[in-house]
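Residue-level listing of the chains:
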Amino acid sequence: MTITRRGFLVASAGLAAMPVLRATAAPLPREADIVVIGAGAAGIAAARRIVATGRKVVVMEAASQIGGRCITDSTTFEVPFDRGARWMHNPDTNPMIRLARSVGLDVLPAPTGQKMRIGRRNARAGETEQFLAALVRANRAIDDASRAKLDTSCASVLPKDLGDWAGAAEFMLGAGFAGKDLKELSAIDKGRAQDRNAAIACRQGLGTLITKLGEQAPVALSTPASRVAWNNRDVSVETPAGKIAARAVIVTVSTNVLTSGAIKFTPDIPKRTLDAASKLGLGSYDRIVLQLPGNPLGLSRDDILIEQSNSTRTALMFANIGGSSLCSIDVGGAFGRDLSEQGEKAMAAFAREWITKLFGSEAAAAVGKTSATRWNASPYVMGAMSAAAPGGQLSRRILSEPIGNVFLAGEATHETLWGTVDGAWESGERAADAALRKIGALKQEPADVPTQSTKKRRVPRR
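Analysis parameters
Residues numbered from 1 in each chain as written. Predicted model: local features only at pLDDT ≥ 70, side-chain atom pairs only at ≥ 80, totals over all residues. Heavy atoms only, no water. Buried < 20%, exposed > 50% of the residue type's maximum accessible area, 1.4 Å probe, protein only. Helix = DSSP H or I, 4+ residues; strand = E, 2+ residues; numbered from the N terminus. Pairing = 2+ DSSP bridges. Contact = heavy atoms within 4.5 Å. Polar contact = N/O pair within 3.5 Å; in protein donor to acceptor, adjacent residues only side chain to side chain. Axes fitted to C-alpha atoms, helices over the stretch in contact; angles between N-to-C directions. Salt bridge = Lys/Arg side-chain N within 4 Å of Asp/Glu carboxyl O.

Asks: I'm lost on the pairing of strand β19 (residues 326–332) in this one. Help?
Replies: When a strand is regular, its side chains alternate between the sheet's two faces. Among the seven residues of β19, seven are classified as buried, and the element is accordingly described as predominantly covered. Covered by surrounding structure in β19 are Leu326, Ser328, Asp330 and Gly332 together with Cys327, Ile329 and Val331, the residues of both alternating faces. Across seven bridges, the pairing between strand β16 (residues 285–291) and β19 is antiparallel. By the bridge assignment for β19, arginine 287 is matched with aspartate 330. When strand β18 (residues 316–318) meets β19, the two strands line up antiparallel, connected through three bridges. By the bridge assignment, leucine 316 is partnered in β19 with aspartate 330.

Printed below as a string of structure tokens:
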């Protein structure tokens, strides 16, 4: 048995490339068939789908780059690393993998190296088996609770006798999986999440992939949408560069951005929709990336390391990324959120403290340059992945319901692949199809047309 982060836890490629519109490079179009707000995975998937039908689409992106929560940093260190989403899943059905190859990028199974640390030593084989057994028991208890009529928190159903493995199990199933501690996480939502074990990496970075795929859609960068005026016939999207008139709009912003009021809607979008978004608030998940030249930790390429911990004040390490000297220390949940609020200096200090605890002060002294993500402080994202509060799982379906000619997309709208780039991509394609049908560009189709997530669904554990 192995410990991995993965285990714990159709746009045409032949389209002609279209330009990225920058605010200073060309006038913003004044009309389109469909406007897409947000150039993350969902927005790019939606735009490509629309372009493939020959309809006019414009993607409005508030940030200065394509990617949303998929950003590959190629400048801070000598090698690229993903600041946000890192993996794709479901290689048999995921169209992104085929698209990655079609644009010349390399995709490969995620590495399987793994280690558990107990104090300053590696866990023995028997201890690893004990942890895995505790993890299976905890996961089974959550799965059983997910089939009940009434929802509850994941924490409330955990076995009480996990002993020394309780902290690590809670971290891997909660903060490490969804960016929230188990007491804040719906058992039904987690139980219905599709398994994400078959992880696939893009060697050049997942952010690089989304950016590359975005080259086939007209994107206006640094152009935030400030207001959407909508009815059942047309929409008007206001930006600092002017208004765009369209027949429909697809909104792919995160649930935290949607509920923040950063984009005004006239008339207001229904309270039912905002309530659903509020129950799907984003968890906290950040990376502290360190240079550790000379491999002072003695870990292998792309090793994943966790520790036996008596609390959720812990982390996960992804070591020697791509064979480089970079190590990512990932923090999440309430502890990660509090740490992120203190800033990058405090995050780097924790990373050194954590390495000292597990490998000694000499290893910590070898740390060179550092960098840390702070997704909660990003004004155009405001967090990591959506995670339903207890009682909130049905909110995902509510959030995907059309509102006149306004359509919402993003990982939060996917009932089984939430929290993944796969779910975001599929939701974008689904919203594009709905918007195209709304404006008469596609024929009406049955609601049960198979998608990537329904072709191969999770079989509940018994």
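Asks: Whenever I open this one, the environment of arginine 86 confuses me. Can you help?
Replies: Note on placement: arginine 86 falls in the loop between β5 (81–82) and α3 (95–102). Judged by relative accessible area, which is 10%, arginine 86 ranks as buried. Between the alpha carbons of arginine 86 and arginine 192 there is a distance of 22 Å; along the sequence they are 106 residues apart. Discounting residues that sit within four places of it in the chain, arginine 86 has contacts with Ile200, Leu206, Arg287, Phe318, Ser328 and Asp330. One polar contact links arginine 86 to serine 328, side chain to side chain, over a distance of 3.3 Å.

Asks: I tried to follow the sheet that holds strand β20 (residues 370–372) on my own but got confused; where do I start?
Replies: Sheet architecture is open: seven strands sit in the order β8-β7-β17-β18-β19-β16-β20, paired in mixed fashion. Only two strands of the sheet have a single partner each, and these edge strands are β8 (121–122) and β20. Strand contacts of helix α10 (residues 333–341): β16 and β19, with the helix running at about 110° to β19, the strand carrying the most contacts.

Asks: When you look at the pattern of salt bridges in this model, what are you seeing that I'm missing?
Replies: When the charged atoms of two side chains with opposite charge come close together, those side chains can pair. For the coordinates displayed, the defined rule picks out 21 salt bridges. In this structure, the salt-bridge partner of arginine 124 is glutamate 127, at a minimum N-O distance of 3.3 Å. In this structure arginine 124 comes out as exposed when scored by relative accessible area, which is 52%. Looking at glutamate 127, the relative accessible area reads 15%, which means it is buried. Salt-bridge contacts for aspartate 275 lead to lysine 271; the nearest nitrogen and oxygen are separated by 2.7 Å. Taken together, the residues span about one helical turn, with aspartate 275 and lysine 271 both in helix α9 (residues 271–278) at a distance of four residues. Judged by its relative accessible area of 30%, aspartate 275 falls in the partly exposed class. Classification of lysine 271 as exposed rests on a relative accessible area of 60%.

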